[in-house]
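Overview (structure and organization)
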Amino acid sequence: MAFDFYRRRLPHARVHGALYFVTWRLGEGLADLSERERDLVASSLRHFDGRRYVLHAYVVMNDHVHVILDPHPDFPLETILHSWKSFSAKRIGEHCPHVGAVWQDEYFDRAIRDDDEYQQKRDYVLDNPLRRRAGLETYHWCWAIGMERR
């Protein structure tokens, strides 16, 4: 794999045609996302699924988001992330006005290198709610290919 590296505050490594694991957090000092706000974020993730990218898995937690996706070649990963963050922030702001940015400016991304890493990242995304809430039966804001959409 030929990586294209660049850095903002966090390092980023891009590989043409790769699947990616990405994650980002709420802005400093903001209260946790409500259930309605998590619905808005999940809806934002699904909005261009199949057109600008293919979603493989996601979880929207109270203070962060994890996604596995396959970006369409015509839509750079940074454009997709900007779209998700700005669109969901706008919708959250309409629902419940916040002071300051909804999301931190930076995000983490990692190209997924092989099937083993894909499975490890998918398990990480799907198990995220269980690590926070032992005994949780279902979590409405968690999805992966092969699961029914909520």
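Our subject is the structure that appears above.
The rules we used
The numbers attached to residues start from 1 for each chain and follow its sequence in the written order. Given that this is a predicted model, residues contribute local features only at a pLDDT of at least 70 and side-chain atom pairs are listed and counted only at 80 or more, while totals for whole chains, interfaces and linings are drawn from all residues. Heavy atoms throughout the structure, all of them, feed into the side-chain values; hydrogens and water do not. Any Lys or Arg side-chain nitrogen located within 4 Å of an Asp or Glu carboxyl oxygen qualifies as a salt bridge. Helix and strand definitions here come from DSSP, where helices need a minimum of 4 consecutive H or I residues and strands a minimum of 2 consecutive E residues; each element is numbered from the N-terminal end. Under the scheme applied here, a residue whose accessible area is under 20% of the maximum for its type counts as buried, over 50% as exposed, and between as partly exposed, the area being computed with a 1.4 Å probe on protein chains only. Here a Phe, Tyr or Trp ring, Trp counted by its six-membered ring, pairs with any other such ring whose centre lies within 6.5 Å, and the pair is stacked when the planes are under 30 degrees apart, edge-to-face when over 60, and tilted otherwise. Each axis is a line fitted through C-alpha atoms, and for a helix only the stretch in contact is used; angles between axes span 0 to 180 degrees, taken between their N-to-C directions. Note that the term roughly parallel is reserved for angles under 35 degrees, roughly antiparallel for angles over 145, roughly perpendicular for angles of 65 to 115, and oblique for everything else. Whether a crossing is left-handed or right-handed is set by the direction in which the near helix is turned from the far one by less than a right angle, anticlockwise for left-handed and clockwise for right-handed. Contacts are assigned to residue pairs that have any heavy atoms within 4.5 Å of one another. Here the term charged refers only to Asp, Glu, Lys and Arg, the term nonpolar to Ala, Val, Leu, Ile, Met, Phe, Trp, Tyr, Cys and Pro, and the term polar to all other amino acids, Gly among them.

1. Examining the pattern of salt bridges
This structure, assessed with the given rule, holds three salt bridges. Across the salt bridge formed by Arg 25 and Asp 63, the nearest N and O atoms sit 2.9 Å from each other. Within this pair, whereas Arg 25 is found in strand E3 (residues 19–25), its partner Asp 63 is found in the loop between strand E4 (53–60) and strand E5 (64–71), the two being separated by 38 residues in sequence. Since its relative accessible area comes to 15%, Asp 63 is described here as buried. A salt bridge links Lys 90 to Glu 94; the nearest nitrogen and oxygen atoms lie 2.7 Å apart. Within this pair, Lys 90 and its partner Glu 94 are both found in helix H2 (residues 77–95), separated by four residues, close to a single helical turn.

2. Quick word on the packing of aromatic side chains
Scanning the entire structure with this criterion turns up seven aromatic pairs. Ring centres of Trp 24 and Trp 84 lie 5.8 Å apart, and the angle between their planes is 25 degrees; on these two criteria the pair is classed as stacked. Here Trp 84 lies in helix H2 and Trp 24 lies in strand E3, a separation of 60 residues in the sequence. Given the relative accessible area of 2%, Trp 24 is considered buried. Chaining the aromatic ring pairs together yields one cluster made of Trp 24, Tyr 53, Trp 84 and Trp 103.

3. Some details on the packing of helix H1 (residues 35–46) against H2
Running from N to C, H1 and H2 cross one another at 150 degrees; their axes reach a closest spacing of 9 Å. Classified by the angle their axes make, H1 and H2 are roughly antiparallel. Of the two elements, H1 crosses H2, and the hand of that crossing is right-handed. Contacts between H1 and H2 involve Arg 36, Glu 37, Leu 40, Val 41, Ser 43, Ser 44 and Leu 45 from the first element and Trp 84, Phe 87, Ser 88, Arg 91, Ile 92 and His 95 from the second. Here the contact of H1 with H2 is composed, by residue class, of six nonpolar, four polar and three charged.

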